[in-house]
Amino acid sequence: MEVQMSREMDRMVFEKAVEVTASAVRGTAGGTQPASYVGDVFREIHKALKEAAESMPSQESKAGF
């Protein structure tokens, strides 16, 4: 079952992925990287952030105690 995240949450995850990718690529040794490398880094970061966001409990769920 795939959980759909809100448009707002998806946008925040996307923006964070852009931010982390820029930081990661800037910090790599050797100067400029090819666009394909940057794209691969972004896809992996975005996928990981999306999975993490989807695994978090819903804001509407109540505490278990």
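Here the structure is a predicted model, which means the values were calculated and not measured.

## Regarding helix α2 (residues 35-55)
Part 1 of the reasoning: A rise of 1.5 Å per residue sets the reference length of α2, with its 21 residues, at 30 Å; its end C-alpha atoms lie 30 Å apart and thus fit the reference within 8%.
Part 2 of the reasoning: Elements that come into contact with the buried residues of α2 comprise α1 (7-26).

## A short note on the packing of α1 against α2
Part 1 of the reasoning: Two elements in contact, α1 and α2, have axes whose closest approach is 9 Å; the angle formed by their N-to-C orientations is 140 degrees. Judged by the inter-axis angle, α1 sits oblique to α2. Remark: the crossing between α1 and α2 carries right-handed chirality. Here α1 contributes D10, V13, F14, K16, A17, V18, V20, T21 and V25 to the contact with α2, which in turn contributes Y37, V38, V41, F42, I45, H46, L49, K50 and A53.
Part 2 of the reasoning: The class makeup of the residues in the contact of α1 with α2 is 13 nonpolar, two polar and three charged.

## With respect to α1
Part 1 of the reasoning: Taking 1.5 Å per residue as the helical rise, α1 with its 20 residues ought to reach 28 Å, and the 29 Å between its terminal C-alpha atoms agrees with that figure.
Part 2 of the reasoning: Those residues of α1 that fall on the buried side of the exposure criterion are V13, A17, T21 and V25. Mapping the buried residues of α1 onto a view down its axis gives an arc of 90 degrees, with all of them on the same face. Facing away from the buried surface of α1 by more than 90 degrees, the exposed residues are E8, R11 and R26.
Part 3 of the reasoning: Taken together, the buried residues of α1 touch α2.

Definitions and cut-offs
- Residues numbered from 1 in each chain as written.
- Predicted model: local features only at pLDDT ≥ 70, side-chain atom pairs only at ≥ 80, totals over all residues.
- Heavy atoms only, no water.
- Helix = DSSP H or I, 4+ residues; strand = E, 2+ residues; numbered from the N terminus.
- Expected span 1.5 Å × (residues − 1).
- Contact = heavy atoms within 4.5 Å.
- Axes fitted to C-alpha atoms, helices over the stretch in contact; angles between N-to-C directions.
- Parallel < 35°, antiparallel > 145°, perpendicular 65-115°, else oblique.
- Left-handed = near helix turned anticlockwise from the far one by under 90°.
- Nonpolar A, V, L, I, M, F, W, Y, C, P; charged D, E, K, R; others polar.
- Buried < 20%, exposed > 50% of the residue type's maximum accessible area, 1.4 Å probe, protein only.
- Arc of directions from axis to C-beta.

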